[in-house]
Amino acid sequence: MTSPDIADLAIRVMAGERRALARAITLVESTRKDHRIQSDELLQRIGRDNSVAAPKSLRIGLSGTPGVGKSTFIEALGMRLVARGLKIAVLAVDPSSARSGGSILGDKTRMELLSRQSNAFIRPSPSQSELGGVARRTREAIRLVEAAGFDIVLVETVGVGQSETMVSEMTDIFTLLIAPAGGDELQGVKRGIMEIADLIVINKADGALAPVARSTMSDYAGALRLLRKREGDPEGFPRALTTSSVTGDGLDEVWAAITELDAWRRASSHHTARRAAQSRLWLSRALERGAVEMVTRHPGVAGALRDLEADVAQGRLSAEAAADQLLAAFRAEE
Ligand code: GDP
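What you see is a predicted model; the values in this text were computed from it and never measured.

## Focus: the pairing of strand β5 (residues 173-178)
Step number 1: The buried count for β5 comes to six of six residues, which makes it a mostly enclosed element.
Step number 2: The sheet contact formed by strand β1 (residues 58-64) and β5 spans four bridges and is parallel. Following the sheet pairing, Ser 63 is matched in β5 by Leu 176.
Step number 3: Across four bridges, the pairing between β5 and strand β6 (residues 199-202) is parallel. In the sheet register, Ile 178 faces β6, and the bridge partner there is Ile 202.

Shown next, in the form of structure tokens:
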């Protein structure tokens, strides 16, 4: 793509043209060097990172194990939001597609109703080989969908690996979807995830599962009360709720809780502080990646690295001493 093509693409994205948006996301997802240069130009044209500058959008992280009802929930909630005139974009982060080439999320048949709405945009997970790359691309995709006028950006992930933490680090509110189950199940949810969740939603609270869902909710509500009070939480949060994505029961309450928390955080400056902290975090991560790449690719270091790695692996040298030697070699060559 030439520079005028990119300028044109930027204009179309900002006009909310869906095909242009899809193309733009494909461009930022590409790892090809020329594409990276083009996507940097595109993102420049789209405008400054509006994380802090234009904090109108609401970014919601949603996680849950396969089968818990994520797509059903997003479809049902999304249809309600679209009916209220909101524009919703759904982005997926699927660590399984990176690892095995297979995907738990992101197949095209999901969220059929929602995907047909002109005010909804659904994008499956990029197939990248490592989570660091996925993070960058997802953050760039968030910028693109926001530039295209989507007010609500929902970033969905499966409850495996590091992806939940990563998604919580790029969203304003993090929601965990859970299936109704006996008390033992609570033990299965990692404490770390409980600590990052703003809302725990027990899905499938319908039919025979409704009473189980209610008792699961009380268990989680109890567990949440035991957690250390976090800065940026008003009274009553983190909160546990029940819903049925099939009957729609409880969905309005989930949305009310999300908007209540969001409004409180915006009014109390926690929203801006969180986005600013996230931007600093991603800057330091990008810098770390860049620095490691720069040092390890350096001709004076690359060979020594292989030898020192072997020494470290066999315990002949400490990891810290090896790093010091490599950094010294890098500085000497500069
Ligand atoms: P995902 O893998 O987390 O995206 O889960 P899906 O949305 O594909 O749902 C998995 C299964 O659970 C499907 O058969 C859904 O119909 C069912 N399901 C999802 N939400 C509900 C719910 O609220 N109640 C009931 N009874 N079933 C549900």
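That shown, we press on.
## Structural notes on helix α14 (residues 270-297)
Step number 1: Given a rise of 1.5 Å per residue, 28 residues ought to cover 40 Å, and the 40 Å separating the end C-alpha atoms of α14 matches this to within 8%.
Step number 2: Taken residue by residue, α14 has His 271, Arg 275, Gln 278, Trp 282 and Val 295 as its buried positions.

## Section: the site of the ligand
Step number 1: Close to the ligand lie 15 residues; Lys 70, Ser 71, Thr 72, Asp 206 and Ser 245 are nearest.
Step number 2: Taking Gly 69, its main chain carries an N or O atom lying 3.0 Å from an oxygen atom of the ligand.
Step number 3: Backbone polar atom of Ser 245 to an oxygen atom of the ligand: 2.8 Å apart, as the coordinates give it.
Step number 4: Taking 580 Å² as the accessible area of the ligand by itself, protein coverage stands at 67%.

## Here we look at unusual backbone geometry
Step number 1: Residues Phe 237 and Pro 238 are joined by a peptide bond in cis, for which omega reads -5 degrees.
Step number 2: Considering the arrangement of structural elements, one finds Pro 238 in the loop between α12 (209-226) and β7 (239-242).
Step number 3: Here Lys 204, not a glycine, exhibits a phi torsion of approximately 65 degrees, which is positive.
Step number 4: Along the chain, the position of Lys 204 falls in the loop between β6 and α12.
Step number 5: Overall, Lys 204 belongs to the partly exposed group, its relative accessible area being 30%.

## Considerations on the packing of helix α1 (residues 3-14) against helix α3 (residues 33-46)
Step number 1: Contact geometry for α1 and α3: axes closest at 9 Å, N-to-C directions at 45 degrees. Our classification of the angle between α1 and α3 gives oblique. Crossing handedness for the pair α1 and α3: right-handed. Touching Ser 3, Ile 6, Ala 7, Leu 9, Ala 10, Val 13 and Met 14 of α1 are Gln 38, Glu 41, Leu 42, Arg 45 and Ile 46, all from α3.
Step number 2: Here the contact of α1 with α3 is composed, by residue class, of eight nonpolar, two polar and two charged.

Conventions we followed
Residues numbered from 1 in each chain as written. Predicted model: local features only at pLDDT ≥ 70, side-chain atom pairs only at ≥ 80, totals over all residues. Heavy atoms only, no water. Buried < 20%, exposed > 50% of the residue type's maximum accessible area, 1.4 Å probe, protein only. Helix = DSSP H or I, 4+ residues; strand = E, 2+ residues; numbered from the N terminus. Pairing = 2+ DSSP bridges. Expected span 1.5 Å × (residues − 1). Near = heavy atom within 4 Å. Polar contact = N/O pair within 3.5 Å; in protein donor to acceptor, adjacent residues only side chain to side chain. Areas by Shrake-Rupley, 256 points an atom, 1.4 Å probe, with all protein chains shown as cover. Axes fitted to C-alpha atoms, helices over the stretch in contact; angles between N-to-C directions. Parallel < 35°, antiparallel > 145°, perpendicular 65-115°, else oblique. Left-handed = near helix turned anticlockwise from the far one by under 90°. Contact = heavy atoms within 4.5 Å. Nonpolar A, V, L, I, M, F, W, Y, C, P; charged D, E, K, R; others polar.

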